[in-house]
Amino acid sequence: NAGVMQNPRHLVRRRGQEARLRCSPMKGHSHVYWYRQLPEEGLKFMVYLQKENIIDESGMPKERFSAEFPKEGPSILRIQQVVRGDSAAYFCASSSRQGRLDTQYFGPGTRLTVL
Amino acid sequence: GDSVTQMEGPVTLSEEAFLTINCTYTATGYPSLFWYVQYPGEGLQLLLKATKADDKGSNKGFEATYRKETTSFHLEKGSVQVSDSAVYFCALSDGGSQGNLIFGKGTKLSVKP
């Protein structure tokens, strides 16, 4: 059973470009969470999605960031017009059920560098 | 809001030393508690968890007990190895229906031979 997959592992963008990060959850998991890890910081929740639905986006910046989890294919975190402050590691996690009792399994992360 | 506070690092120990990494939390309701480990350049791996008061999570020689009276979930290991060198994160679920995790800032552990 393959784990959570993320690609690319490393992404370099210039200021003003778009960054698109992909996450394929574990087989059988329909709940996806995105977290951001700034240098020397813990992870911060960004958004929680189920298939075709955004359940909680309270941690997403109000502008330039969006996320989707279509019926088919991976979840996508999109950052438009990137700025240097977007440089961070972005982690995706998946679980088979929602709620506090279920375990989230993390992918290896995408490390975004904005030049 | 809910929060997690863990001891700041870095922590440097000699091989076979005893490890304690303190973690305390603030939460409404009844959160689940987790320890995750992050090896250099990798994602987070679940180390252990506890879902209710007095539960003890354990894995690979690591243990942590959910103490509701002291709102703590300290990580311990009796004899660390060089391969335990990593960053350790304490986390809680937000206690609501969503299950979003709230993380501490992480504690970097270095074990010297």
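For the structure itself, look to the data block above.
Residues numbered from 1 in each chain as written. Chains lettered and ligands numbered in written order. Predicted model: local features only at pLDDT ≥ 70, side-chain atom pairs only at ≥ 80, totals over all residues. Heavy atoms only, no water.

Chemist: Can you explain the interface of chain A and chain B? Please cite residues and give values.
Modeler: Taken together, the 23 residues of chain A in the interface contact 25 residues of chain B. Taken over both partners, the interface formed by chain A and chain B buries close to 1900 Å², and the fraction arising from carbon and sulfur atoms is 47%. Taken together, chain A and chain B are joined by 0 salt bridges. Remark: the boundary between chain A and chain B carries 6 residue pairs in polar contact (both at pLDDT 80 or more). Those elements giving two or more residues to the side of chain A that touches chain B turn out to be β4 (31–37), β5 (43–50) and β6 (53–56) of chain A. (Contact = heavy atoms within 4.5 Å. Buried area = accessible area lost by both parts, 1.4 Å probe. Salt bridge = Lys/Arg side-chain N within 4 Å of Asp/Glu carboxyl O. Polar contact = N/O pair within 3.5 Å; in protein donor to acceptor, adjacent residues only side chain to side chain. Helix = DSSP H or I, 4+ residues; strand = E, 2+ residues; numbered from the N terminus.)

Chemist: I'd like to hear about the state of the cysteines, residue by residue, with values.
Modeler: Scanning the entire structure with this criterion turns up 2 disulfides over all chains. At a sulfur-sulfur separation of 1.7 Å, the disulfide partner of Cys 23 of chain A is Cys 92 of chain A. Classification of the bridge connecting Cys 23 of chain A and Cys 92 of chain A rests on its S-S torsion, roughly -45 degrees, and on that basis the disulfide is left-handed. In this pair, Cys 23 of chain A sits in strand β3 (residues 19–24) while Cys 92 of chain A sits in strand β9 (residues 88–95), placing the two residues 69 residues apart along the sequence. The residue that forms a disulfide with Cys 23 of chain B is Cys 90 of chain B, at a sulfur-sulfur distance of 1.9 Å. Given an S-S torsion of about -70 degrees, the disulfide between Cys 23 of chain B and Cys 90 of chain B has left-handed geometry. Here Cys 90 of chain B lies in strand β10 (residues 86–93) and Cys 23 of chain B lies in strand β4 (residues 23–26), a separation of 67 residues in the sequence. (Disulfide = S-S within 2.5 Å.)

Chemist: Can you lay out unusual backbone geometry for me, pointing to particular residues and giving the numbers?
Modeler: With an omega of -5 degrees, the peptide bond running from Asn 7 of chain A to Pro 8 of chain A counts as cis. Relative to the helices and strands, Pro 8 of chain A resides in the loop between β1 (5–7) and β2 (10–13). We note that Glu 52 of chain A has phi near 65 degrees; this positive angle belongs to a residue other than glycine. With respect to the secondary-structure elements, Glu 52 of chain A resides in the loop between β5 and β6. Owing to a relative accessible area of 56%, Glu 52 of chain A belongs among the exposed residues under this scheme. The residue Lys 60 of chain B is not glycine, and still its phi comes out positive at about 55 degrees. (Buried < 20%, exposed > 50% of the residue type's maximum accessible area, 1.4 Å probe, protein only.)

Chemist: Which residues make up the sheet that holds strand β3 (residues 19–21) of chain B, and what values go with them?
Modeler: Residues and elements named next belong to chain B. Strand order across the open sheet formed by 4 strands is β3-β9-β8-β7, with antiparallel pairing between neighbours. Pairing within the sheet leaves two strands with one partner each, and these edge strands are β3 and β7 (56–59). Strand-to-strand, the axes of this sheet are offset by a mean angle of 15 degrees, without reference to chain direction. (Pairing = 2+ DSSP bridges. Axes fitted to C-alpha atoms, helices over the stretch in contact; angles between N-to-C directions.)

Chemist: How would you summarise the environment of Ala 67 of chain A if you had to cite specific residues and measurements?
Modeler: Residues and elements named next belong to chain A. Checked against the element boundaries, Ala 67 lands in strand β7 (residues 65–68). Accessibility expressed as a relative area gives 15% for Ala 67, which makes it buried. For the pair formed by Ala 67 and Gly 28, sequence separation is 39 residues and the distance between their alpha carbons is 20 Å. In this view, Ala 67 contacts Val 47, Leu 49, Ile 54, Met 60, Ile 76 and Leu 77; residues no more than four positions away in its chain are not counted.

Chemist: Outline the packing of aromatic side chains, supporting the account with residue identities and numerical values.
Modeler: Counted by the stated rule, this structure contains 11 aromatic pairs over all chains. Arranged with centres 6.0 Å apart and planes meeting at 75 degrees, the rings of Phe 106 of chain A and Phe 103 of chain B form a pair that is edge-to-face. Placement of the pair is Phe 106 of chain A in strand β10 (residues 105–106) and Phe 103 of chain B in strand β11 (residues 101–103), with the two residues belonging to separate chains. A single burial state applies to Phe 106 of chain A and to Phe 103 of chain B, both of which are buried. (Phe/Tyr/Trp six-rings, centres within 6.5 Å; stacked < 30°, edge-to-face > 60°.)

Chemist: If you had to explain the layout of surface pockets to someone new, which residues and values would you point to?
Modeler: Roughly 730 Å³ of internal volume is contained in the largest pocket. For the largest pocket, the lining is made up of 31 residues, of which Glu 40 and Glu 41 of chain A together with Val 87, Phe 89 and Lys 105 of chain B are closest to its centre. Mapped onto the lining of the largest pocket, the elements with two or more residues apiece are β9 and β11 (110–114) of chain A together with β1 (3–6), β10 and β12 (107–112) of chain B. Split by residue class, the lining of the largest pocket holds 13 nonpolar, 10 polar and 8 charged. (1 Å grid on protein atoms, 1.4 Å probe; cavity = no way out; pocket = protein on both sides within 12 Å on 5 of 7 lines; lining within 4 Å. Points joined across faces, edges and corners; volume = space filled by probe spheres on them. Nonpolar A, V, L, I, M, F, W, Y, C, P; charged D, E, K, R; others polar.)

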